[in-house]
Amino acid sequence: MELRYLFKKTQTDDIEPEKKAASEAPQTPQGLFQKCDACGQTIFAEELRKDLFVCPTCGNYFRMFASTRIADIIDKGTFEEWDTDIGETNPLNTPGYEDKIRRLQDKTELDEAIVTGKGLINGHPSCIGVMDCRFMMASMGSVVGEKITRMFERATDEGLPVIIFTASGGARMQEGIVSLMQMAKTSAAIKRHSDKGLLYITVLTDPTTGGVTASFAMLGDIILAEPGALIGFAGPRVIEQTIGQKLPEGFQRSEFLLEHGFVDAVVARKGMKKYISNILKLHENNGEYSFDGVKAKKKTARKNKLSAWDKVMISRGKDRPVAQDYIKSLFPDFVEFHGDRFVKDDQAIMGGIATFAGRAVTVIAESKGHDTKQNVERNFGMPSPDGYRKALRLMKQAEKFGRPVICLIDTPGAYCGLEAEERGQGEAIARNLYELSSLKVPVLSIIISEAGSGGALALGVSDKVWMLENAIYAILSPEGYASILWKDSKRAPEAAAEMKLTAEDMLSLGIVEKVITEPEELTHANLSEVTDQIASDLAGFIKDNLEFDGDALCEERYNRYRKYGA
Amino acid sequence: MFKKVLIANRGEIAVRIIRACREMGIETVAVCSEPDRNALHAMLADHTICIGPAQSSESYLNIGRIISATITSGADAIHPGFGFLSEDSKFARICERCNIAFIGPTSDMIAASGNKAQAKKTMMDAGVPTIPGSAVAVNTVKEGLELADIATYPVMIKASLGGGGKGMRVARSKDVFEQAFLTAQTEAKNAFGDDMMYIEHYVEHPKHIEVQILADKFGNVVHLGERDCSIQRNHQKLIEETPCAALSEELRKEICEAAVRAAKAVNYENAGTVEFLLEPSGKFYFMEMNTRIQVEHPITEWVTGIDLIKEQIRIAAGEPLSFTQDDIKITGHSIEVRINAEDPEHKFRPCPGKIEMAYLPGGKGVRVDSAVYSGLEIPPYYDSMLAKLSVWAKDREEAIRKARTALGEVIITGVKTNVDYQYGILSEPDFIEGKTDIDFIEKHSHK
C-alpha cells in the first residue's frame, strides 16, 4: 500500500470563505502571456516588451506595433505625427472595402498601415515612417503611398533624412492598378529627396515583400534588416508553386539578402536605435576639423638595403598587418556596409563610413585575412566583380554626401575564375577607373602591401597615392612576368628587380606621391609606427580638402593620369 | 484566510509548508516533476499535480505550468518555499497579475533586493552599515589609493568584470597597495580584457550573522533575533545556531535594529532575512537581504516559539502581526545541522540513489524536517539536502551535546551522507569553544 493512501489529509473547517468577485478570482488575464511561434514557449508579455519583442528563449523576432517601434526608436516626447487625416479612398469601388478599413481603424487605433512623422533619434532630427502589419498586412494602398510621398516631400523641403521601417505584404489588391502606381509615386519622391543630397535609410522587417520591396524598401542609401526577416519580391509560396521546387532553408531571409548583396547590415533590434543614430551623426557632417592624433616623428630616411624580391616576399608576408588592422587603428568608429546590390557581398573588399579628424569619410579596402579560414572567406584579398561594384556603390554614395574616399590597397590581383568572368571582371574594373576619374570628392589611395595590376588600380585612380616602404605595385606578379618573358617562373627574383615595382621606383616614376617608412619588421605589435604617420599625413589631406571644388578635383585627377607615358 | 494553497517546491520545505497549512485548516496542492511522483510532499498533500519532466526548467521553474496548475486546482495562493522561484520577481509579478497571492514580499521588493548596487545604496541612505568602498571602478594607482583610504585597510582590489578569484588581491597596507593593484589589474586585463578595478574594505575572518525579520502589510516590522551561520563550505551553510555566542547584548541590539531599519527602508513585507558580516572588532556590514523563508528558520522557531511559515501565510492573507517586538522573547539555544546526500571523501559530490533504510531520531528538544523515507529514490536532478536536524536546549553547551546525541542516532543507508562529517564538526574543540568564522571549514579541512 502506497504511503499516499495511508496519510490522513487536511480537515477543513466548514466555514465558507468570503465570496470574491469573479474579477478577483485567480485567473490569467488576457494578454498576460504570449506564445512564441518559433519555439512554442509561453512568454510573460511584460518581459517580452522589455526585450523589445524578441523571444528570450529562442531569439525569434515578433512583429512590432508601429507605436512600440516609435517608442523604441524616437526620443521620448519628440515624435510629431503627420498626415493622419488623408481619409480612405476606394478607387475601384471594391464592395465592403471602406467597412473593412473602418473596422481595422477601430481595432488597431491606426488610421492606415503606416505611421509617418518626425522626431529626434538620440538627439538627431529625422523623419520616420513605420509600417504596421496589423492593418491589412500593411499593404500599400493610395493612403500609404500618399503618406510616404508627403513625408519625402516635406523632408526634401526641410532638408531632413528619412528612415522607414518596412513591413508589408505588397500592393493592396482592393485598390488594383492605383495601388501599383504608388510604387512609382513613392520612388519618384525618393529620387527628388536623394537629388538634394539627403539621406534615406530603410530598415526591412518581417515581412517585406511585393510592391513595397520593389519600390521604396530597396531604395535606401543604406538598407538595414532585422535578423531573420522575410524579404523578397515574390512570396516563397508563389515561387514554390511556380517552379515546382521546395525552397532551401533561409531563402529570402535577411541573412540571405546580406550574402547576396542587397542589405548593408543585419542589425539586432536591441542596438537599432544606437546604430541608426550613429549613421545619422556620420551624415550630419557638422563636425569641425579636429585632429588630436599623435604627431608622427619625422623619421630620418635610412638606407633600405632590401632587394626588390625581398620586398615582394615581405609584402606577401603571413604576419604582415592587413587592411582590417589599419581600419581598426585609424578609424575606430568604422561602420561596415555590405553588398553590391546585384549578386553578392564580396568580402575581399570591405567598405563603410567612419570619422577622421572630425570629418566623415568613406573607407574602402582590399582585405586579406589573418589566417587561412579568414583568407578563404576573403578569397585571399582577390576581389570579384561584386567587390568592385560594392566599392563603386560606396564611392558614388560618398560623392552624394560629399565625403572624401580613402582606399586601402592590398591585393595580389583581381580574382581570376569562372564566376568572375561570367559576371564581367573586366567590365567591373573598367567601370571603376571610368567613374573614379570623375568622382567629385577627394580620393586618396594607400598601398599597404601588394598592389597587383588592374585589381589594385580599380581602387587607385586618385588625387594622391601613397605607398608603404616595403609595398609593391606592378602590372603582374614577378612569377608571371618571368614565365611570359623567359618561360621560367623560377626566375621571379630577377624579374622583380627588372620590373621596377618597389615604392622607391614608384616615387621616382611619379606613380605615388609619398612613401611611408616602415619599422625593420612590420607586425601588429609595431603597426602604430606606421599608422601614426598615416594618421598625421591623412589629417593633412583632410585639412587641405575641407572645402573642395569637385570639378577642379576631377580636372587635376585627369591631368595626373594624362601625364603618364608618351 | 486562504482556502487552498499551492506549494511550488519539493523536498522537506514543501512538507513543512503542507504541515503548516494542514494545522491551519487550509487545503494543499503539491506540484511535482515526473520522477518526484513518489516524493513525500507529493504523497502528503491533499492534491498533487505533476507539472512536467525532471529538469527544473520544465517543472519547478516553469512559471507557466505552475500558474496554470494553481488556476485549475482552484488554489488562491502560492507558497514558493526557498530556492526555485522563491526570489524570482517575474514570478511574483505574474502571480500579482493573476490575482494569486504570492506568500512572500511583492515583486518590486524582490527586484529591488536583487539589484545589489541599488540595495547597497538604499541601505547606506537608511543608515545601515555597508562595506566601505568604491561605487565606481578606477584604473589608475592614484585613484585606487584615494579610494583605499576611504575604504580603510585592509582592502580588496577586484576586477569590475571579475569572477572566479581572477583579478583579485588583498592589500593590507598603503605601502603594498601599488603592487597588489597592478598585479590584480594585469590579471584582470588578461582574463577579462578590462582593467577597471573596484576597491573595497576587506572584511577579514568575519562571522556570517543574519537577522530574521517579519513584517506585515501595515508597516509593523519585528526581528526574531539573529542566527550565526558561519560554518560554511563553498558558501553552503552546514550548521547554524542561535543566539550567536559572540554577541554582547548591546551589539545584538545594534545589529537587530539595523536589520529592522533595513526592512523598513524598503517597506518590506512578509518574512525576510538581513545578512551581515561581523568583524572580530565588532564592526558589522550589510551584505544582502533574502526575500524568502530560509532553510535554517527552525532554529528561530525553537528559541521564539513562533511558527514562521504560518506567520508568512497570515501576513500574505492580509492579517496584521499578532505580536509586537516586546512580546518576542528569545529562550535557550538552538542548533541546526544539514544532512545531505553527498560524499565528503570525494569532494562532497552529490550521491543520489535509493534510500534503503532511514531511521531518524526524536525525543525532547529534537526536531527533524525531512522528506525521506525508507525505499525513496533520491533523484539526481535537485538539491542534495535530505534532512535538517535541529535541537533546542537551555544553553549552547547542552545544545551541542544534544545535537551530537541526535546526530549519532541518524541512520540513513543506501546513499552516502555527510552525517559523520557533521558529527566531526560538532566535536571540534574550536567549534565547542565558539571560535568560528566563515573560514572555519577551510582552517580545519586538513583533519
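Residues numbered from 1 in each chain as written. Chains lettered and ligands numbered in written order. Predicted model: local features only at pLDDT ≥ 70, side-chain atom pairs only at ≥ 80, totals over all residues.

Novice: Account for the overall build of chain B, naming residues and giving values.
Specialist: Helix and strand content of chain B: 15 helices and 22 strands. Along the three orthogonal principal directions, the C-alpha set of chain B runs to about 65 × 50 × 50 Å. Burial status across chain B gives 49% buried among its 447 residues. (Helix = DSSP H or I, 4+ residues; strand = E, 2+ residues; numbered from the N terminus. Buried ≥ 20, exposed ≤ 12 C-beta atoms within 10 Å, placed from the backbone.)

Novice: Give me the overall build of chain A: which residues, what numbers.
Specialist: Tallying secondary structure elements over chain A gives 21 helices and 17 strands in all. Dimensions of chain A, computed from the C-alpha atoms along their principal axes, are close to 105 × 75 × 55 Å. For chain A, with 566 residues in total, the buried portion stands at 44%. Excluding contacts between residues fewer than 6 apart, the proportion of contacts in chain A whose partners are at least 24 apart in sequence is 72%. (Contact = placed C-beta atoms within 7 Å.)

Novice: Give me the lowdown on the domain arrangement of chain A, citing residues and values where you can.
Specialist: Residue and element names in this part refer to chain A. In terms of domain boundaries, chain A breaks down into domain 1 (72–283) and domain 2 (320–475 + 502–562). Look at where the C-alpha atoms of domain 1 and domain 2 centre, and you get two points 34 Å apart. With 15 residues of domain 1 in contact, the opposing surface of domain 2 contributes 17 residues. Only α8 (254–259) and α9 (272–284) provide two or more residues apiece to the side of domain 1 that touches domain 2. (Domains from an automatic or database assignment.)

Novice: Hey, could you go over the sheet that holds strand β3 (residues 47–52) of chain B for me, with residue numbers and the actual values?
Specialist: Within the open sheet, the 5 strands sit side by side as β3-β2-β1-β4-β5 (chain B). Their pairing is parallel. The sheet terminates laterally at β3 and β5 (101–102) of chain B, the two strands that pair on one side only. (Pairing = 2+ DSSP bridges.)

Novice: Can you explain the packing of helix α4 (residues 142–158) of chain A against helix α5 (residues 176–195) of chain A? Please cite residues and give values.
Specialist: Each pair of packed helices gets described by two things: the angle between the helix axes and the distance between those axes. Residue and element names in this part refer to chain A. For the pair α4 and α5, interaxial distance at closest approach is 9 Å and the crossing angle is 10°. For the element pair α4 / α5, the angle class is roughly parallel. Between α4 and α5, the residues in contact are Ser142, Val144, Gly145, Ile148, Thr149, Phe152, Glu153, Ala155 and Thr156 and Val178, Ser179, Gln182, Lys185, Thr186, Ala189, Ile190, Arg192 and His193, respectively. (Axes fitted to C-alpha atoms, helices over the stretch in contact; angles between N-to-C directions. Parallel < 35°, antiparallel > 145°, perpendicular 65-115°, else oblique.)

Novice: Could you give an account of helix α9 (residues 249–265) of chain B, naming the residues involved and the relevant values?
Specialist: Residues and elements named next belong to chain B. Helix length check: α9 (17 residues) gives 24 Å between terminal C-alpha atoms against 24 Å at 1.5 Å per residue, within 8%. Listed as buried for α9 are Ile255, Cys256, Ala258, Ala259, Ala262 and Ala263. The arc enclosing the buried residues of α9, seen along the axis, measures out at 150°, which places them on a common side. Turned more than 90 degrees from where α9 packs its buried face, Glu249, Glu250 and Lys253 sit exposed. Buried residues along α9 sit against α6 (116–125), β9 (207–215), β10 (221–233), β12 (270–278) and β13 (284–290). Of the residues one or two after α9, asparagine 267 is the one with positive phi, at around 50°. (Expected span 1.5 Å × (residues − 1). Arc of directions from axis to C-beta.)

Novice: Describe helix α18 (residues 492–499) of chain A, listing the residues and the values that go with them.
Specialist: Residue and element names in this part refer to chain A. Of all the residues in α18, the buried ones are Ala495, Ala496 and Met499. The buried side chains of α18 occupy one side of the element, clustering within an arc of 105° when seen end-on. Of the surrounding elements, those touching the buried residues of α18 are α10 (308–315), β16 (472–474) and α17 (478–486). The first or second residue beyond α18 is lysine 500, which carries a positive phi of 55°.

Novice: Talk me through the environment of leucine 392 of chain A; I want residue IDs and the actual numbers.
Specialist: Residue and element names in this part refer to chain A. Here leucine 392 is to be found in helix α13 (residues 385–401). Leucine 392 sits 37 residues away from isoleucine 429 along the chain, and the two C-alpha atoms are 9.7 Å apart. Those residues in contact with leucine 392 that lie beyond four places of it in its chain are Arg431, Asn432 and Glu435.

Novice: Explain the sheet that holds strand β4 (residues 114–121) of chain A to me, using residue names and the numbers behind them.
Specialist: Through backbone hydrogen bonds, the strands of a sheet pair up, either in parallel or in antiparallel fashion. Residue and element names in this part refer to chain A. As summarised here, the arrangement of the 7 strands in space is β3-β4-β5-β6-β7-β8-β9, forming an open sheet in which the pairing is mixed. Both edges of this open sheet fall to β3 (80–82) and β9 (265–266), since each of them pairs with a single strand only. Two strands pair when backbone bridges link them, and β3 and β4 are joined in this way by 3 bridges, in the antiparallel orientation. Within β4, the position partnered with glutamate 80 by the bridge is lysine 118. Helix α2 (residues 66–73) rests against β4, β5 (124–131) and β6 (162–168) of the sheet, and its axis sits at about 160° to β5. Across the sheet, α4 is in contact with β3, β4, β5 and β6; its angle to β4 comes to roughly 30°.

Novice: If you had to explain the packing of α17 of chain A against α18 of chain A to someone new, which residues and values would you point to?
Specialist: Residues and elements named next belong to chain A. Packing of α17 against α18 brings their axes to within 8 Å, and their N-to-C directions diverge by 100°. Comparing their axes, α18 and α17 come out roughly perpendicular. On the side of α17, the interface is formed by Pro478, Glu479, Tyr481 and Ala482, while α18 contributes Ala492, Ala495, Ala496 and Met499. Counted by class, the contact of α17 with α18 contains 7 nonpolar, no polar and 1 charged residues. (Nonpolar A, V, L, I, M, F, W, Y, C, P; charged D, E, K, R; others polar.)

Novice: If you had to explain the nonpolar core to someone new, which residues and values would you point to?
Specialist: Core analysis: the biggest nonpolar cluster contains 133 residues, and Ile447, Met467 and Tyr473 of chain A have the highest contact counts within it. For this core, the element with the most residues is helix α20 (residues 527–544) of chain A, which contributes 7 residues. Of the residues that make up this core, three or more belong to each of domain 1 (72–283) and domain 2 (320–475 + 502–562) of chain A. Among residues more than four places away in sequence, those in contact with methionine 467 of chain A are Ile447, Tyr473, Ala503, Met506, Val512, Val515 and Ile516 of chain A. Counting 115 residues, the second largest nonpolar core, distinct from the first, contains Ala8, Met123, Leu277 and Met287 of chain B. (Core = buried A, V, L, I, M, F, W, Y, C linked by C-beta atoms within 7 Å.)

Novice: Which residues make up the confidence of the model for chain B, and what values do they have?
Specialist: Per-residue confidence for chain B gives a mean pLDDT of 94; residues scoring 70 or more make up 99%. The ipTM for the predicted assembly is 0.81, set against a pTM of 0.80. (pLDDT = per-residue confidence, 0-100.)

Novice: Account for the pairing of strand β1 (residues 4–7) of chain B, with residues named and values stated.
Specialist: Residues and elements named next belong to chain B. Across the two faces of β1 the burial is the same, with Lys4 and Leu6 and Val5 and Ile7 all buried. Of the strand pairs in this sheet, β1 and strand β2 (residues 27–33) are connected by 4 bridges, and their pairing is parallel. Bridge pairing links leucine 6 to valine 29 in β2. For the crossover from β1 across helix α1 (residues 11–23) to β2, the handedness is right-handed. The pairing of β1 with strand β4 (residues 77–79) spans 3 bridges and is classified as parallel. Across the sheet, leucine 6 pairs through a bridge with isoleucine 78, a residue of β4. (Right-handed = clockwise from strand over helix to strand, strands pointing away.)

Novice: Describe unusual backbone geometry, naming the residues involved and giving the relevant values.
Specialist: For the bond from aspartate 206 of chain A to proline 207 of chain A, the omega torsion is -15°, close enough to zero to count as cis. Following the sequence through the fold, proline 207 of chain A ends up in strand β7 (residues 200–208). A cis amide bond, omega -5°, links tyrosine 153 of chain B with the succeeding residue proline 154 of chain B. When you line up the elements, proline 154 of chain B lands in the loop between α7 (141–151) and β6 (155–163). Positioned with a positive phi, glutamate 109 of chain A is a non-glycine residue whose angle comes to about 60°. Relative to the elements of secondary structure, glutamate 109 of chain A occurs in the loop between α3 (97–108) and β4.

Novice: Describe the environment of leucine 147 of chain B, listing the residues and the values that go with them.
Specialist: By the secondary structure assignment, leucine 147 of chain B is in helix α7. Here the alpha-carbon distance between leucine 147 of chain B and lysine 329 of chain B, two residues 182 residues apart in the chain, equals 43 Å.

Novice: Outline the pairing of strand β14 (residues 333–340) of chain B, listing residues and values.
Specialist: All names here are of chain B. Within β14, 8 of the 8 residues are buried, leaving the element largely enclosed by the surrounding structure. Of the two faces of β14, both are covered, the one formed by His333, Ile335, Val337 and Ile339 as well as the one formed by Ser334, Glu336, Arg338 and Asn340. Direction of pairing for strand β11 (residues 236–242) relative to β14: antiparallel, over a ladder of 4 bridges. Bridged to isoleucine 239 within β14 is valine 337. Where β14 meets strand β21 (residues 385–393), 8 bridges bridge the pair, whose relative direction is antiparallel. Bridged to glutamate 336 within β21 is serine 390.

Novice: Would you mind going over the environment of phenylalanine 82 of chain B in detail, with residue names and values included?
Specialist: Within the secondary structure, phenylalanine 82 of chain B sits in the loop between β4 and α4 (89–97). Between the C-alpha atoms of phenylalanine 82 of chain B and leucine 182 of chain B, which are 100 residues apart in sequence, the distance is 41 Å.

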